[in-house]
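# Fold and contact review
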Amino acid sequence: MVMVSLQGITKASTGISDKIEPGIYDVQVTKVEDGIPLKGGQAGYGSRFHFTILNDGPMKGRELQHLLNVQSAHADNLKYSLQELAGMAISSGAPEQAILNQNIDTQAMMNRLLSIVVGPQKNAPQYVEVKGYLPSYACQDPANWEKVKDKLVAPAAPQQGPAQTQGGWGAGTQQSVQQQPAAAGAWTAPQGGQPVAGQPVAGQQPQAQAQPQAQVQNTWGNNGPSC
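Residues numbered from 1 in each chain as written. Predicted model: local features only at pLDDT ≥ 70, side-chain atom pairs only at ≥ 80, totals over all residues. Heavy atoms only, no water.

### With respect to the overall build of the chain
Defined as follows: Put simply, DSSP marks the helices as runs of H or I at least four residues long and the strands as runs of E at least two long, and each gets a number from the N terminus on. The buried label goes to any residue with under 20% of its type's maximum accessible area, the exposed label to any with over 50%, and the partly exposed label to all in between, with areas taken from a 1.4 Å probe on protein chains only. Working rule for contacts: check all heavy atoms of both residues, and any pair within 4.5 Å makes them a contact. We get accessible surface area from the Shrake-Rupley algorithm with a probe of 1.4 Å; when it comes to residues, only the shown protein chains can shield them.
Of regular secondary structure, the chain possesses 2 helices and 7 strands. Shown N-terminal to C-terminal, the secondary structure of the chain runs as helices and strands in the order β-β-β-α-β-β-α-β-β. For the chain, the residues scored as buried account for 40% of the 227 residues in total. In the chain, the share of contacts with a sequence separation of at least 24, taken over all contacts with a separation of at least 6, comes to 67%. Entry remark: accessible area of the chain is about 13,400 Å², with carbon and sulfur atoms responsible for 50%.

### Thoughts on the packing of aromatic side chains
Describing an aromatic ring pair means giving the distance of the ring centres and the angle of the ring planes. Rules: Whether two aromatic rings pair depends on their centres lying within 6.5 Å, for rings of Phe, Tyr and Trp, where Trp uses its six-membered ring; planes under 30 degrees apart make the pair stacked, over 60 edge-to-face, and the rest tilted.
Going through the model one piece at a time under the given rule, you end up with 1 aromatic pair. Taking the centre distance of 6.4 Å and the plane angle of 50° together, the rings of Phe51 and Tyr133 count as tilted. Placement of Phe51 in strand 2 (residues 44-53) and of Tyr133 in strand 5 (residues 128-134) is noted, with a sequence separation of 82 residues between them. The burial state of Phe51 is the same as that of Tyr133; both residues are buried.

### Examining helix 1 (residues 75-91)
What counts here: Multiplying 1.5 Å by the residue count of a helix minus one yields the expected span of that helix.
Along its 17 residues, helix 1 runs 24 Å from first to last C-alpha, staying within 8% of the 24 Å computed at 1.5 Å per residue. Among the residues making up helix 1, those that are buried are Ser81, Gln83, Glu84, Leu85, Ala86, Gly87, Met88, Ala89, Ile90 and Ser91. On its buried face, helix 1 sits against strand 2, strand 3 (63-72), strand 4 (113-120) and strand 5. In the segment just after helix 1, Gly93 is the residue with positive phi, at about 105°.

### Focus on the pairing of strand 4
Side-chain direction in a regular strand flips from residue to residue, so the side chains alternate between the two faces of the sheet. For clarity, the threshold we go by: Pairing between strands requires that DSSP locate at least two bridges from one strand to the other.
Most of strand 4 is tucked away, with 8 of its 8 residues classed as buried. As defined by bridge partners, strand 1 (residues 23-37) adjoins strand 4 across 6 bridges and the pair is classed as antiparallel. Across the sheet, residue Asp26 finds its bridge partner in strand 4, namely Ser115.

### Observations concerning the environment of Gly132
For Gly132, the position within the fold is in strand 5. Through-space distance from the C-alpha of Gly132 to that of Val118 is 7.4 Å; in sequence the pair is 14 residues apart.

### Considering the side chain of Glu84
Worth spelling out the cut-off: Identification of polar contacts relies on pairs of N or O atoms within 3.5 Å, with a donor-acceptor requirement for protein atoms, meaning one able to donate a hydrogen and the other able to accept it, and with residues adjacent in sequence counted only if both atoms are side-chain atoms.
Within the secondary structure, Glu84 is located in helix 1. Within polar-contact distance, the side chain of Glu84 engages the side chain of His66 at 2.6 Å. At a separation of 2.7 Å, a polar atom in the side chain of Glu84 contacts the side chain of Tyr133.

### Considering the nonpolar core
The cut-off we apply is this: In plain words, nonpolar cores are sets of buried Ala, Val, Leu, Ile, Met, Phe, Trp, Tyr and Cys residues tied together by side-chain atoms within 4.5 Å.
Judged by nonpolar contacts, the single largest core of 27 residues is most densely connected at Phe51 and Ile116. Contributions of two or more residues to this core are made by strand 1, strand 2, strand 3, helix 1, strand 4 and strand 5. Ranked by the residues each element gives to this core, the list is headed by helix 1, at 5 residues. For Phe51, the residues in contact, after removing those within four places along its chain, are Val27, Gln28, Val29, Arg62, Glu63, Leu64, His66, Met88, Leu114, Ile116, Val130 and Tyr133. Formed by 8 residues, the second largest nonpolar core is a distinct cluster that contains Ile24, Val117, Trp145 and Val148.

### Re the sheet that holds strand 2
Stated precisely, the cut-off is as follows: Angles shown run from 0 to 180 degrees and are taken between the N-to-C directions of axes, each axis being a line fitted to C-alpha atoms and, for helices, limited to the stretch in contact.
Across the sheet, which stays open at both edges, the 5 strands sit in the order 3-2-1-4-5 with antiparallel pairing between neighbours. Edge positions in the sheet fall to strand 3 and strand 5, since each of these pairs with one other strand and no more. On average, each strand axis in the sheet is inclined to that of its neighbour by 45°, with strand direction left out of account. Running at roughly 130° to strand 3, helix 1 makes contact with strand 2, strand 3, strand 4 and strand 5 of the sheet.

### Some details on a nonpolar patch on the surface
Heads up, the rule is: Patch membership is restricted to residues that have no salt bridge and whose relative accessible area is over 30%. Joining uses 9 Å for like charges and 5 Å for the nonpolar side chains Val, Leu, Ile, Met, Phe, Trp and Tyr. Whenever a carboxyl oxygen of Asp or Glu lies within 4 Å of a side-chain nitrogen of Lys or Arg, that contact is scored as a salt bridge.
The grouping of Val2, Val4, Leu6 and Ile9 at the surface amounts to a nonpolar patch, some 460 Å² of accessible area in total. Structurally, the position occupied by Val2 is in the segment before strand 1. Residue classification places Val2 among the exposed positions, given a relative accessible area of 68%.

### A word on the environment of Thr52
Positionally, Thr52 belongs in strand 2. Thr52 gets classed as buried once you look at its relative accessible area, which sits at 17%. Spatially, the C-alpha atom of Thr52 lies 6.4 Å from that of Val29, the residues being 23 residues apart in sequence. Beyond its immediate chain neighbours, meaning those up to four positions away, Thr52 contacts Asp26, Val27, Gln28, Thr30, Gly61, Arg62 and Glu63. A distance of 2.9 Å separates a polar atom in the side chain of Thr52 from a polar atom in the side chain of Thr30.

Listed below in structure tokens is the structure:
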């Protein structure tokens, strides 16, 4: 007999259906880690956002993480990351006037509710990553699935062509721009409850939702997501 301690083990894994499928998920921001070194700090520092899935079904309670280079030493990376942070905050219900051209604290995203679009990574399609942000309950609207359908599938592998004998410029990487750079204002967390949606399946109209449950409050002012 071997006695083991499960102290610190907060979830169980059976190895079955462990993969998070591409789709639109209602989530809550449950952790924000600041000061993540980029290239050992030489390229600046980022913030890692932890999203916990709220949809009913096998994905409920699963977590995705997303790193934004909000203190990047590279001007373009900094600009795009701050635009994405602004898009995340506004999708969670924060008013634009409290975000755009303001100073904001990344920790103000704690406990916020929103929807995230999850799709295959470009260079490793067997894994998924956060591709975009939408307001809470976005999975209930079929139009949203149509809008993001290109983000839910892996990009087609490039076809092999004849060998190049001269120059040729490679295609540059693209990064989506969501909103203009963010900044400060006190925002209030959603009033009411956290969304609980049916398990999203790409290409399939979502099912009816359960009633929201009690929600953790924070300091940003809005009336919470509605659907």
